[in-house]
Amino acid sequence: MNLPDRGPAQARIGISIDVPDPWRAELQAARRDFGDPQAGLIPPHITIVGPTVVDEAVLPAVWEHLDKVTADIPPFRVHLRGTGTFRPISPVVFITVVQGIAECEQLEQAARSGVLAQDLRFNYHPHVTVAHEVPEAELDRAFDGLAGFEAAFDVTALWQYEHGDDGVWRKQHEFALRG
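All of these numbers come straight from a predicted model, not from anything done at the bench.

Analysis parameters
Residues numbered from 1 in each chain as written. Predicted model: local features only at pLDDT ≥ 70, side-chain atom pairs only at ≥ 80, totals over all residues. Heavy atoms only, no water. Helix = DSSP H or I, 4+ residues; strand = E, 2+ residues; numbered from the N terminus. Rg over C-alpha atoms; globule rule 2.2 N^0.38 Å. Buried < 20%, exposed > 50% of the residue type's maximum accessible area, 1.4 Å probe, protein only. Pairing = 2+ DSSP bridges. Axes fitted to C-alpha atoms, helices over the stretch in contact; angles between N-to-C directions. Arc of directions from axis to C-beta. Contact = heavy atoms within 4.5 Å. Salt bridge = Lys/Arg side-chain N within 4 Å of Asp/Glu carboxyl O. Phe/Tyr/Trp six-rings, centres within 6.5 Å; stacked < 30°, edge-to-face > 60°. Lys NZ or Arg CZ within 6 Å of the ring centre and 35° of its normal. Left-handed = near helix turned anticlockwise from the far one by under 90°. Nonpolar A, V, L, I, M, F, W, Y, C, P; charged D, E, K, R; others polar.

Q: Please set out the overall build of the protein residue by residue, giving values where relevant.
A: Assigned secondary structure in the protein consists of four helices and eight strands. Element order for the protein, N to C, with α for helix and β for strand: β-α-β-α-β-β-α-β-α-β-β-β. In terms of C-alpha radius of gyration, the protein reaches 16 Å, essentially the compact-globule figure of 16 Å for 179 residues. Viewed in the frame of its principal axes, the protein has a C-alpha envelope of about 45 × 35 × 25 Å. A buried classification covers 44% of the 179 residues belonging to the protein.

The structure is reproduced here in structure tokens:
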């Protein structure tokens, strides 16, 4: 995983939509089964703002920004179905977002502004990673094995996660969609 360096008095954060149970547990178990070493460290999610380093003193401004962003966006439905991949560019297999794409894009654009403004390495593409940087055979197995996966749920909030020194991403703050 490509993580930005973090110095003293800084936090490495990410902004995501949480995939709820029972699908969270199912996708996390599948990721573990494919041999992905990140399976126990990264809960299943749809990234809105990827790993970002901010000074700890700036966190209140980040929270204020996200509170303003979510004030204007109403809850929406996400439908996940089937698999996709970023190969050969990146060794990733993911679950595809088939409903809620425009809303995810709107959230991403609004969140990745102001205090969280940044350039992207790749164009934004909402998805749920299920295998990353594992052998090709495991990527193939993930792609084929989850091709029939389907889930739908209402998105009512964004979460700010923090990446701990132990490598685990943990929920820190919830921001309800209220538009």
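Q: Give me the lowdown on the sheet that holds strand β6 (residues 150-155), citing residues and values where you can.
A: Overall, antiparallel pairing links the four strands, which are arranged β5-β4-β3-β6 in an open sheet. For this open sheet the edge positions go to β5 (127-132) and β6, each flanked by a neighbour on one side alone. Pairwise comparison of adjacent strand axes, ignoring direction, gives a mean angle of 30° for this sheet. The sheet contact formed by strand β4 (residues 92-99) and β5 spans five bridges and is antiparallel. Within β5, the residue paired with I95 across the bridge is V128.

Q: I'd like a rundown of helix α1 (residues 23-33), residues and numbers included.
A: Listed in full, the buried residues belonging to α1 are L27, Q28, A30 and R31. The buried residues of α1 all sit within an arc of 160° when viewed along its axis, so they share a single face. Residues of α1 that are buried make contact with β4 and β5. Just past α1, the residue G35 takes up positive phi, approximately 85°.

Q: Tell me about the pattern of salt bridges, and please be specific about residues and values.
A: Throughout the structure, instances matching the rule amount to 15 salt bridges. With a closest N to O distance of 2.9 Å, E138 and R141 form a salt bridge. Of this pair, E138 and R141 both sit in helix α4 (residues 136-145), separated by three residues, roughly a single helical turn. One salt-bridge network, held together by shared partners, links D18, D21, R24 and K171.

Q: Outline the packing of aromatic side chains, supporting the account with residue identities and numerical values.
A: The description of an aromatic ring pair uses the distance of the two centres, along with the angle that the planes make with each other. Evaluation of the coordinates by the stated rule reveals two aromatic pairs. Taking the centre distance of 4.6 Å and the plane angle of 35° together, the rings of F86 and F94 count as tilted. Among the residues examined, F86 registers a relative accessible area of 27% and is labelled partly exposed. Lying over the aromatic face of W159, K171 brings its terminal NZ or CZ to 4.4 Å of the ring centre.

Q: Residues and numbers for the packing of helix α2 (residues 59-71) against helix α3 (residues 101-111), please.
A: Where α2 meets α3, the closest approach of the two axes is 10 Å, and the angle between their N-to-C directions is 145°. By crossing handedness, the relation of α2 to α3 is classed as right-handed. Facing α2, whose interface residues are H65, L66 and V69, α3 presents L107, A110 and A111. Looking at the contact of α2 with α3, its residues break down into five nonpolar, one polar and no charged.

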